[in-house]
Amino acid sequence: MRSEEHRENILDLLPEELETAVSELGEKKFRASQIFGWLAKGVVCFDDMKNIPAVLRAGLAERYYIGIPEAVRRQESKDGTVKCLFEFADGTQVESVFMKYEYGNSICISSQSGCRMGCTFCASTMDGLDRSLSGGEMLAQVLAMRNLTGEDIGHVVVMGMGEPFDNYIQLSRFIRLIHDRKGYDLGLRNITVSTCGLIPKIREFAVDFPQVNLAVSLHAPNQKLREKTMPVARKYGYEELLRACREYTEITGRRITFEYAVIDGVNDSTECAEELASKLKGWLSHVNLIPLNEVRGREYKTANGKSVASFKKILEKNGVAVTVRRTLGSDIDAACGQLRRKK
Ligand code: SAH
């Protein structure tokens, strides 16, 4: 829990913890549900909680603050995408992106400020890990974005800065916080978590949150190539990762999404596509091809449209479900992690 002087972020409290807090202030437990409901509405000060007695509001304000971050930078794309650099009370900055899709509005949130996974094509990891976010701080990005855009947000993807499975406990708290029906009440199936492949956590996640969608960043058809761009592959090998993913689909009965950023001359060849297809054939899976977002200070170039299209065709020919990610917000800083670095 992050403190602002001596106070704690009330957004970090799960309903039962809020009940305890309210009882300690000498008030009835039902007040906790009311407060939890107000917080999910995105109120920024305790005095906005209209049906809460003034004494309780004052008591809460002495012990807690409402940790909704401030948008210190904001970029809006013609297609409706809004990208924000949010700053928390202690100065920690993260990026979140609001996107409009046919099926509804979605937000991509960060789970850490910076990242220590070291993927060589990614901007978020260039300065290493600053710190992990709390569950309340993940929720706060959704609330802040909704306040800012005035739009409903019905889908959350944890695909911003950071590795969510490197912050598993707080990720779990976030899911419980946003899913609680007294609060934001977001369906578990409307949440997607993306990991670079921390195998023990994939196994835990399958048991803890079988209804939440899982995406795994693969980015290569084999161990040798994956090691080159993703240092995590040295700890968790390719074949073992695929085994864990297969187990995941068996435990949950859910399809898994594999992300594949297509990088010019690195992983975009016909051979790569054939090899990937042979490994994923017959799986309950889906490949999401992401034309690489070029990052300042990184040498990688995005694969051209032709090689992405032929990569896609090869997967399809082998019966592997595949889509090419629609590029949203390409007229604003596209690759995540770039806004924070651009000072
Ligand atoms: N750490 C998690 C989630 C954050 S990154 C993960 O690795 O999955 C979200 C996705 O964006 C990942 O698939 C990541 O590999 C990808 N990504 C990172 N940098 C990128 C870039 N420059 N272009 C395209 N995709 C990128």
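Residues numbered from 1 in each chain as written. Predicted model: local features only at pLDDT ≥ 70, side-chain atom pairs only at ≥ 80, totals over all residues. Heavy atoms only, no water.

(A) Representation of the packing of helix H6 (residues 199-208) against helix H9 (residues 238-252) within the structure. Running from N to C, H6 and H9 point in directions that differ by 5 degrees, and their axes come no closer than 9 Å. The pairing of H6 with H9 is recorded here as roughly parallel in orientation. Residues Ile199, Ile202, Arg203, Phe205 and Ala206 of H6 touch H9, and the partners they reach there are Glu240, Leu241, Ala244, Glu247, Tyr248, Ile251 and Thr252. When its residues are assigned to classes, the contact of H6 with H9 shows eight nonpolar, one polar and three charged. (Axes fitted to C-alpha atoms, helices over the stretch in contact; angles between N-to-C directions. Helix = DSSP H or I, 4+ residues; strand = E, 2+ residues; numbered from the N terminus. Parallel < 35°, antiparallel > 145°, perpendicular 65-115°, else oblique. Contact = heavy atoms within 4.5 Å. Nonpolar A, V, L, I, M, F, W, Y, C, P; charged D, E, K, R; others polar.)

(B) Broad picture of the domain arrangement of the chain. The domain boundaries assigned to the chain delineate domain 1 (8-65) and domain 2 (70-332). Using only C-alpha atoms to locate each centre, domain 1 and domain 2 end up separated by 33 Å. Tallying the contact residues gives 17 residues for domain 1 and 17 residues for domain 2. Counting each side, the surface lost to burial between domain 1 and domain 2 is near 1,300 Å², with a carbon and sulfur contribution of 57%. The interface formed by domain 1 and domain 2 holds two salt bridges in total. Glu16 is the salt-bridge partner of Arg176, the closest N and O atoms lying 2.9 Å from each other. The interface formed by domain 1 and domain 2 contains eight residue pairs in polar contact (both at pLDDT 80 or more). (Domains from an automatic or database assignment. Buried area = accessible area lost by both parts, 1.4 Å probe. Salt bridge = Lys/Arg side-chain N within 4 Å of Asp/Glu carboxyl O. Polar contact = N/O pair within 3.5 Å; in protein donor to acceptor, adjacent residues only side chain to side chain.)

(C) Layout of unusual backbone geometry. Its identity as a non-glycine residue notwithstanding, Asp185 has a phi of 60 degrees, on the positive side. With respect to the helices and strands, Asp185 occurs in the loop between helix H5 (168-179) and strand E11 (191-195). At His219, a residue that is not glycine, the phi angle is positive and equals roughly 60 degrees. Along the polypeptide, His219 turns up in the loop between strand E12 (213-217) and helix H7 (223-229).

(D) Seen up close, the pattern of salt bridges. Per the counting criterion, the structure on display carries 17 salt bridges. Where Asp47 meets Arg57, a salt bridge forms, and the shortest distance between an N and an O atom there is 3.1 Å. Residue Asp47 is located in the loop between helix H2 (30-41) and helix H3 (54-63), and its partner Arg57 is located in helix H3; the two are separated by 10 residues in the primary sequence. Taking the relative accessible area as the measure of exposure, Arg57 reaches 18% and is therefore buried. Between Arg116 and Asp166 there is a salt bridge, with the nearest N and O atoms lying 2.7 Å from each other. In this pair, Arg116 is assigned in the loop between strand E8 (112-114) and strand E9 (129-132) and Asp166 in the loop between strand E10 (155-158) and H5, connecting sequence segments 50 residues apart. A single network of salt bridges, built from pairs that share partners, joins Asp90, Arg131 and Glu137. (Buried < 20%, exposed > 50% of the residue type's maximum accessible area, 1.4 Å probe, protein only.)

(E) A look at H2. With 12 residues, H2 extends 17 Å between its outermost C-alpha atoms, agreeing within 8% with the 16 Å of an ideal straight helix rising 1.5 Å per residue. Along H2, the residues that are buried comprise Arg31, Ala32, Ile35, Phe36, Gly37, Trp38, Leu39 and Ala40. (Expected span 1.5 Å × (residues − 1).)

(F) Representation of the nonpolar core within the structure. If you look at the biggest cluster of nonpolar residues, it comprises 103 residues, and the most contacted ones within it are Ile10, Ile35, Phe205 and Phe258. Element by element, the count of residues in this core is highest for helix H4 (residues 135-149), at seven residues. Once you skip the residues sitting within four places of it in the chain, Phe258 turns out to touch Val216, Leu218, Leu242, Cys245, Leu280, Trp283, Ser285, His286, Val287 and Asn288. (Core = buried A, V, L, I, M, F, W, Y, C linked by side-chain atoms within 4.5 Å.)

(G) Layout of the packing of aromatic side chains. Taken as a whole and judged by the stated rule, the model has six aromatic pairs. Each ring, one from Phe165 and one from Phe205, has its centre 5.1 Å from the other, and the planes form 55 degrees; the classification is tilted. Of the two residues, Phe165 is situated in the loop between E10 and H5 and Phe205 in helix H6; the sequence distance between them amounts to 40 residues. The pair formed by Phe165 and Phe205 is uniform in burial state, with each residue classed as buried. (Phe/Tyr/Trp six-rings, centres within 6.5 Å; stacked < 30°, edge-to-face > 60°.)

(H) Molecular detail of the side chain of Asn267. Among the structural elements, Asn267 can be located in the loop between strand E13 (256-262) and helix H10 (270-280). For Asn267, a relative accessible area of 0% puts it in the buried group. A polar contact is formed between the side chain of Asn267 and the backbone oxygen of Ala261, at a distance of 2.8 Å. Residue contacts for Asn267: discarding those within four places in its chain leaves His219, Leu225, Tyr260, Ala261, Val262, Cys272 and Phe311.

(I) Spatial organisation of empty space enclosed by the protein. Applying the stated rule across the entire model yields one cavity of 30 Å³ or more. Of the voids in this model, the largest cavity is the one considered here, and its volume is about 50 Å³. Along its surface, the largest cavity is lined by Leu11, Leu13, Phe36, Leu39, Ala40, Leu139, Leu177 and Tyr184. If you tally residues by element for the lining of the largest cavity, the top one is H2, at three residues. A per-class count over the lining of the largest cavity returns eight nonpolar, no polar and no charged. There are two domains that each give the lining of the largest cavity at least three residues, and those are domain 1 (8-65) and domain 2 (70-332). (1 Å grid on protein atoms, 1.4 Å probe; cavity = no way out; pocket = protein on both sides within 12 Å on 5 of 7 lines; lining within 4 Å. Points joined across faces, edges and corners; volume = space filled by probe spheres on them.)

(J) The site of the ligand, seen in detail. The environment of the ligand is formed by 17 residues, the closest being Glu163, Ser194, Ser217, His219 and Asn293. The separation between a nitrogen atom of the ligand and a polar main-chain atom of Phe121 is 3.1 Å. Within the contact set of the ligand, an oxygen atom lies 2.6 Å away from a side-chain nitrogen or oxygen of His219. The protein chains hide 91% of the 530 Å² of surface that the ligand would expose on its own. When grouped by side-chain class, the residues that make up the shell around the ligand number eight nonpolar, seven polar and two charged. (Near = heavy atom within 4 Å. Areas by Shrake-Rupley, 256 points an atom, 1.4 Å probe, with all protein chains shown as cover.)

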